[in-house]
Amino acid sequence: MNTTNLSPFRRTVVGVQFLFVAFGATVLVPLLVGLDPATALFTAGLGTFIFHLVTKGKVPIFLGSSFAFIASIIAATKQWGQAGALAGIIGVSLVYFIMSALIKWQGKKLLDKLFPPIVIGPVIILIGLSLSTSAVDMAKTNWLLAAISLTVAILVLSLGRGLIKLVPVVCGIVAGYIVAVCMGDVDFSKVAAAPWIALPPALSDFHLPQFAWEPFLYMIPVAIAPVIEHIGDVYVVGAVADKDFVKEPGLHRTMLGDGLACLAACIFGGPPVTTYSEVTGAMSITKITHPQVIRIAAATAIVFSVIGKLSALLQSIPSAVLGGIMLLLFGTIASVGIQNLIQHKVNLNITRNTIIISVTLTMGIGGAVLSWGDFAISGIGLSAVVGMVLNLLLPKEKENDSNAKADE
């Protein structure tokens, strides 16, 4: 549906509605990694506008905080501090820039060779499983609140209809928060003290991140999975809008737009931003796919970022409420990796496939670390690199031969 058929008021309503679809995830990421949610809203809106500028305003995509980087940001913050972790996001941007250039030069076939489903599937599984301990630690601070938040999110996800089905995170957090208020577990002092209008730290206390090689190199491998996810999202958005965005404006432009948005997020102290499939789902339901509506959502995110009491209210959410949501959320991420392997019909009777999955998962979950000098790479980043190298080096078997061995 074209927005020319909608009044300005209705365009605004739909745009705000699209923001609320992505709102829960956008503010949840900074809350989990210790960043300011107002900054995340500002960088999500800014990143979306940058993306639309690079893609000639043709692709209806909203960019928001990415779950894929939560584990890496937490780990990088412990090693190099928050400033170092933010500097590492520059490495994420570099990956997007390189991929954009490769796609422009060689097309998508090169990416399929370097990052096939047998590599990406296990990496996505690790993104979810590596955070399971954090989810349980937060949930056990108050199991009742965690259980209520989790139950409501599951019910909305399972039984919800229409747009309500797209916001299980928001519903779960609201339900848990209300119960926490009734139990007296919410401190409203900071909310009362917060001004109604306040610039996010990104603007009021702006300073460039201090560059350091260690977190920069640490973050680079972690960007592989979101890059591949970006390609899938562009195809899905194209299918919903009934347009070929891979051809025009081109996958290299959408990749470049994501990279520049990540770089802007880093500069302003926000988490990395990537394309949001939640908003794509909302577009498929409403049948409204015009990029102008997405830009209204981006503008709304920036407006929300200057409401001081909203930021304080978000930061007052008890950790147990967030932990309950995380129990579902991170498990869901892991299941996406499994689904990726199934959808692409990855044959586990093939020895090389079993080896790649086994080594990738074991190294990631086991916390393997590769270090030299002051630099170290571990976790998801190391596992992604190992999986990619194994895929390139291990000899390929004929599928018929592997099936024959399995039958013997």
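Scroll up to find the structure.
Residues numbered from 1 in each chain as written. Predicted model: local features only at pLDDT ≥ 70, side-chain atom pairs only at ≥ 80, totals over all residues. Heavy atoms only, no water.

By size, the foremost hydrophobic cluster in this structure holds 93 residues, and its most contacted members are Phe-62, Phe-67 and Phe-330. Filtering out sequence-adjacent residues up to four positions away, Phe-330 remains in contact with Leu-32, Phe-67, Ile-70, Gly-128, Leu-131 and Ala-135. (Core = buried A, V, L, I, M, F, W, Y, C linked by side-chain atoms within 4.5 Å. Buried < 20%, exposed > 50% of the residue type's maximum accessible area, 1.4 Å probe, protein only. Contact = heavy atoms within 4.5 Å.)

Turning our attention to the packing of helix α3 (residues 70-106) against helix α13 (residues 246-267). Interaxial distance between α3 and α13 falls to 8 Å at its minimum, and their mutual angle equals 170°. In terms of axis orientation, α3 runs roughly antiparallel to α13. Seen from α3, the contacting residues are Leu-86, Ala-87, Ile-89, Ile-90, Val-92, Ser-93, Tyr-96, Phe-97, Met-99, Ser-100, Ile-103 and Lys-104; seen from α13, they are Leu-251, His-252, Met-255, Leu-256, Asp-258, Gly-259, Leu-260, Cys-262, Leu-263 and Cys-266. Residues belonging to the contact of α3 with α13 are distributed by class as follows: 16 nonpolar, 4 polar and 2 charged. (Axes fitted to C-alpha atoms, helices over the stretch in contact; angles between N-to-C directions. Helix = DSSP H or I, 4+ residues; strand = E, 2+ residues; numbered from the N terminus. Parallel < 35°, antiparallel > 145°, perpendicular 65-115°, else oblique. Nonpolar A, V, L, I, M, F, W, Y, C, P; charged D, E, K, R; others polar.)

This paragraph deals with the environment of Leu-328. Relative to the helices and strands, Leu-328 is located in helix α17 (residues 319-343). Here the alpha-carbon distance between Leu-328 and Cys-262, two residues 66 residues apart in the chain, equals 26 Å. Beyond its immediate chain neighbours, meaning those up to four positions away, Leu-328 contacts Leu-150, Ala-153, Ile-154 and Leu-157.

Before going further, it helps to examine the packing of aromatic side chains. What the rule picks out here adds up to 2 aromatic pairs. An angle of 75° between the planes, with centres 5.5 Å apart, marks the rings of Phe-42 and Phe-268 as edge-to-face. With a gap of 226 residues between them, Phe-42 in helix α2 (residues 37-54) and Phe-268 in the loop between α13 and β2 (273-275) connect regions that are remote in the sequence. Judged by centre distance (6.4 Å) and plane angle (90°), the rings of Tyr-177 and Phe-188 are edge-to-face. Here Phe-188 lies in the loop between α8 (168-182) and α9 (189-193) and Tyr-177 lies in helix α8, a separation of 11 residues in the sequence. Given the relative accessible area of 13%, Tyr-177 is considered buried. The class of Phe-188 is partly exposed, set by a relative accessible area of 37%. (Phe/Tyr/Trp six-rings, centres within 6.5 Å; stacked < 30°, edge-to-face > 60°.)

In this section: α13. Of all bends in α13, the biggest is about 45°, found at Arg-253. Looking one or two places after α13, you find Gly-269, whose phi comes out positive at around 80°. (Bend = angle between axes of the 7 residues up to and from the residue.)

Within the secondary structure, Ser-305 is located in helix α15 (residues 291-305). For Ser-305, a relative accessible area of 1% gives the class buried. Within the structure, the side chain of Ser-305 is placed 2.5 Å from the backbone oxygen of Ile-302, a separation counted as a polar contact. Sequence-distant contacts of Ser-305, defined by excluding residues within four places in its chain, comprise Ala-38, Leu-41, Phe-42, Ala-198 and Pro-200. (Polar contact = N/O pair within 3.5 Å; in protein donor to acceptor, adjacent residues only side chain to side chain.)

Turning our attention to helix α18 (residues 351-366). Taking 1.5 Å of rise per residue, 16 residues should cover 22 Å, and α18 covers 22 Å from first to last C-alpha, within 8% of that figure. Every buried residue of α18 is listed here: Arg-352, Asn-353, Ile-356, Ile-357, Thr-360 and Gly-364. Down the axis of α18, the buried side of the element spans an arc of 130°, and every buried residue falls inside it. Exposed side chains of α18 directed beyond 90 degrees from the buried face belong to Thr-362, Ile-365 and Gly-366. In this structure, the buried residues of α18 make contact with α5 (117-129), α17 and α19 (379-393). (Expected span 1.5 Å × (residues − 1). Arc of directions from axis to C-beta.)

Time to look at the state of the cysteines. Applying the stated criterion across every chain yields a total of 0 disulfides. Of the cysteine sulfurs around Cys-171, a residue in no disulfide, the closest is that of Cys-182, at 17 Å. (Disulfide = S-S within 2.5 Å.)

Turning next to unusual backbone geometry. In this structure, the amide linkage connecting Glu-248 to the following residue, Pro-249, adopts the cis form with an omega of 15°. Tracing the backbone through its elements, the reader meets Pro-249 in helix α13. In this structure, Asp-242 takes a positive phi of about 60° despite not being glycine. Structurally, Asp-242 is set in the loop between α12 (224-241) and α13. With a relative accessible area of 70%, Asp-242 lands in the exposed category. Notably, Lys-345 is not glycine yet its phi reads approximately 55°, a positive angle. Relative to the assigned elements, Lys-345 resides in the loop between α17 and α18. Classification of Lys-345 by relative accessible area gives exposed; the value is 73%.

What is shown is where atoms sit, not what they do.
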